[in-house]
Amino acid sequence: MPKLNENFLKLEKNYLFINIAKKINAFIEANPDKKDNIIRMGIGDVTLPIAPCVVEAVKKGAEEMGVKETFKGYEDSGTGYDFLKEAVANYYKSFGADVKPSEIRISDGAKSDCGNIVDIFADDNVVLITDPAYPVYVDSNLMSGRKVIYADCTKENGFCAVPDKNVHADLIYLCSPNNPTGAAFTKNQLKAWIDYAIDNKAIIIYDAAYEAFITEPDIPRSIFEVEGARQCAIEICSLSKTAGFTGMRCGYTVIPDELEVEASDGTKVSISQLWGRRQGSKFNGVSYPVQCGAAAVFSEEGREQIKVNLEYYKENARIIGEALDELGIYYTGGKNSPYIWLECPNGMKSWDFFDYLLTEANVVGTPGAGFGNNGEGFFRLTSFGDREKTIEAVERIKKLLKK
């Protein structure tokens with residue numbers, strides 16, 4: 001009989017959003033007349049369509065797959081086509097980050113890479129994760145039996161954790177703008193984490209999936225805008241929120257050429273080479289038509305078209321934030337992020353507020369407790385919804401909380 005990886009038994013039985021779906025379905029079963037009245041502001045899925053030039057690029061790529069002379073089979077490198085890596089590198093240069101095409105590896109999204117990147121690191125590494133955090137960071141490491149420690153993100157520090165020099169870590173997960181809190185690190189705050197990582201000979205796994213929502217000049221779009229990052233950081237990004245690729249799946253991971261670790265025999269080993277070896281064994285790459293569409297995202301036309309969608313979501317965030325301001329409720333996010341992280345009113349617990357909002361206003365959000373201990377008492381709303389439904393939802397919330 002095969003033995004289980006019993007580290008899986010240490011996890012919550014269901015992924016957070018499965019639990020939310022079960023609660024919604026139970027409510028609908030008990031209240032079938034409310035089914036069409038529910039407004040979902042929980043899961044961070046986009047609602048606007050892919051930009052027109054991206055659609056055309058995908059169509060063209062698909063048409064090329066139907067012609068013998070332009071058909072593409074397995075991609076030779078498995079790291080992405082050069083035309084897409086060059087487009088991504090030029091995008092980085094547009095906001096002052098120097099990244100070479102050869103340092104970019106195309107993937108099927110940030111979630112996969114955030115979970116899979118730790119395959120190349122030993123299970124006895126100590127992993128530091130900010131709390132609250134996107135569940136994938138924690139779950140991926142608990143599955144391998146690694147020791148996970150936490151850096152507190154709280155109301156007192158604006159949900160931007162500060163490194164503790166008295167605590168050692170080997171791997172560090174940072175996300176900015178943050179999911180779920182919407183808080184974003186300034187350059188000085190990121191520099192403190194970079195210095196901490198260098199002092200600990202640690203590696204930062206930096207999730208930049210929401211960088212396109214940044215509006216303030218002191219908030220870096222990439223960790224590689226900050227001095228020292230190339231010595232200690234891996235950056236993972238996604239087109240899901242930037243360009244609506246949640247249903248198409250494409251992202252990229254950047255590993256600087258100089259990023260190395262020391263093996264047990266004292267030799268220096270390239271992190272980029274190890275990740276390439278892992279991906280070559282377990283991943284066959286992103287489809288050619290999708291990569292064609294992704295390259296169009298970074299064209300001048302593409303960036304103008306996706307800007308329209310981004311501004312739409314930013315305005316939704318502003319509408320939500322304005323309502324919370326009117327109610328006098330503390331929150332972070334909304335300005336540099338599509339997420340709004342609010343303090344539950346009247347000292348309510350996260351899941352209690354979820355139930356209250358669902359039953360009384362038919363609005364769905366995400367309980368902060370699902371993101372870690374420091375998420376208790378907080379709640380996440382997303383700005384990725386339809387404009388009319390977003391306005392209707394905030395009106396319902398205002399009416400409910402003004403009682």
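Up top is the structure.
Note that this is a predicted model, so its numbers are computed, not measured.

1. Some words on the pairing of strand S8 (residues 251-254)
Stage number 1. Judged by which residues are buried, S8 turns out to be covered on both faces: Gly251 and Thr253 on one side and Tyr252 and Val254 on the other are all buried.
Stage number 2. Sheet topology note: the strand S2 (residues 104-107)/S8 ladder contains 4 bridges and is antiparallel. Across the sheet, residue arginine 105 finds its bridge partner in S8, namely threonine 253.
Stage number 3. As paired strands, strand S7 (residues 233-238) and S8 are joined by 4 bridges and run antiparallel to one another. By the bridge assignment for S8, isoleucine 236 is matched with threonine 253.

2. Observations concerning the pairing of strand S5 (residues 171-175)
Stage number 1. The element S5 is largely enclosed, with a buried count of 5 among its 5 residues.
Stage number 2. Neither face of S5 is left uncovered, since the one carrying Leu171, Tyr173 and Cys175 and the one carrying Ile172 and Leu174 both have all their residues buried.
Stage number 3. Looking at chain direction, strand S3 (residues 126-131) and S5 are connected through 3 bridges and run parallel. Paired with valine 127 across the strands is leucine 171, a residue of S5.
Stage number 4. With 5 bridges connecting them, S5 and strand S6 (residues 203-207) associate as parallel partners. Looking at the pairing, cysteine 175 lines up with aspartate 207 of S6.
Stage number 5. Remark: the S5/helix H6 (residues 187-199)/S6 crossover connection has right-handed handedness.

3. Considerations on the sheet that holds S8
Stage number 1. Read from one edge to the other, the open sheet built from 7 strands follows the order S2-S8-S7-S6-S5-S3-S4, with strand pairing classed as mixed. Only two strands of the sheet have a single partner each, and these edge strands are S2 and strand S4 (147-152). Here the strands of the sheet are splayed against their neighbours by 20° on average, with no regard to which way each runs.
Stage number 2. The strands touched by H6 within the sheet are S3, S4, S5 and S6, with S5 carrying the most contacts at an inclination of about 170°.

4. Some details on the environment of asparagine 116
Stage number 1. Here asparagine 116 lies in helix H4 (residues 110-116).
Stage number 2. By relative accessible area, which is 25% here, asparagine 116 ends up partly exposed.
Stage number 3. Separated by 25 residues in sequence, asparagine 116 and asparagine 141 have C-alpha atoms that sit 9.6 Å apart.
Stage number 4. Excluding residues within four positions of it along the chain, asparagine 116 makes contact with Trp275 and Arg278.

5. Some remarks on the sheet that holds strand S12 (residues 339-343)
Stage number 1. As summarised here, the arrangement of the 4 strands in space is S11-S12-S15-S14, forming an open sheet in which the pairing is antiparallel. Single-partner strands in this sheet number two, and they are strand S11 (331-333) and strand S14 (366-367).
Stage number 2. The sheet contact formed by S11 and S12 spans 3 bridges and is antiparallel. Along S12, the bridge assignment pairs tyrosine 331 with leucine 342.
Stage number 3. Helix H11 (residues 350-361) contacts S12, S14 and strand S15 (378-382) of the sheet and is inclined by roughly 45° relative to S15.

6. Some words on empty space enclosed by the protein
Stage number 1. By the definition in use, this model includes 5 cavities of 30 Å³ or more.
Stage number 2. When its volume is computed, the largest cavity comes out at roughly 60 Å³.
Stage number 3. Every residue lining the largest cavity is listed: Thr130, Cys153, Phe159, Cys160, Leu174, Cys175, Ser176, Asn178, Ala183, Ala184 and Phe185.

7. Side note on the packing of H11 against helix H12 (residues 387-401)
Stage number 1. At a minimum axis distance of 10 Å, the contact between H11 and H12 shows a crossing angle of 105°. With respect to H12, the axis of H11 lies roughly perpendicular. Of the residues in H12, those touching H11 at Phe353, Tyr356, Leu357, Glu360 and Ala361 are Arg396, Ile397, Leu400 and Leu401.
Stage number 2. Looking at the contact of H11 with H12 residue by residue, the class counts come to 7 nonpolar, no polar and 2 charged.

8. Describing the environment of phenylalanine 83
Stage number 1. You can see phenylalanine 83 is positioned in helix H3 (residues 82-94).
Stage number 2. Separated by 18 residues in sequence, phenylalanine 83 and proline 101 have C-alpha atoms that sit 9.2 Å apart.
Stage number 3. Ignoring any residue separated from it by four or fewer positions in sequence, one finds phenylalanine 83 in contact with Tyr288, Gln291, Cys292 and Ala295.

9. With respect to the state of the cysteines
Stage number 1. By the definition in use, this model includes 0 disulfides.
Stage number 2. With no disulfide of its own, cysteine 160 lies 7.0 Å from the sulfur of cysteine 153, the closest cysteine sulfur.
Stage number 3. Its relative accessible area of 9% is what places cysteine 160 among the buried residues.
Stage number 4. Free cysteine cysteine 250: the closest other cysteine sulfur is in cysteine 292, separated by 11 Å.

10. Focus: the environment of serine 144
Stage number 1. Topologically, serine 144 is positioned in the loop between helix H5 (135-142) and S4.
Stage number 2. Judged by relative accessible area, serine 144 falls into the partly exposed class, the value being 24%.
Stage number 3. A C-alpha to C-alpha distance of 9.1 Å links serine 144 and alanine 122, two positions 22 residues apart in sequence.
Stage number 4. Once residues lying within four places of it in the same chain are set aside, the contact partners of serine 144 are Asn7 and Asp123.
Stage number 5. At 3.5 Å, the side chain of serine 144 and the side chain of arginine 146 are in polar contact.

The rules behind the values
- Residues numbered from 1 in each chain as written.
- Predicted model: local features only at pLDDT ≥ 70, side-chain atom pairs only at ≥ 80, totals over all residues.
- Heavy atoms only, no water.
- Buried < 20%, exposed > 50% of the residue type's maximum accessible area, 1.4 Å probe, protein only.
- Helix = DSSP H or I, 4+ residues; strand = E, 2+ residues; numbered from the N terminus.
- Pairing = 2+ DSSP bridges.
- Right-handed = clockwise from strand over helix to strand, strands pointing away.
- Axes fitted to C-alpha atoms, helices over the stretch in contact; angles between N-to-C directions.
- Contact = heavy atoms within 4.5 Å.
- 1 Å grid on protein atoms, 1.4 Å probe; cavity = no way out; pocket = protein on both sides within 12 Å on 5 of 7 lines; lining within 4 Å.
- Points joined across faces, edges and corners; volume = space filled by probe spheres on them.
- Parallel < 35°, antiparallel > 145°, perpendicular 65-115°, else oblique.
- Nonpolar A, V, L, I, M, F, W, Y, C, P; charged D, E, K, R; others polar.
- Disulfide = S-S within 2.5 Å.
- Polar contact = N/O pair within 3.5 Å; in protein donor to acceptor, adjacent residues only side chain to side chain.

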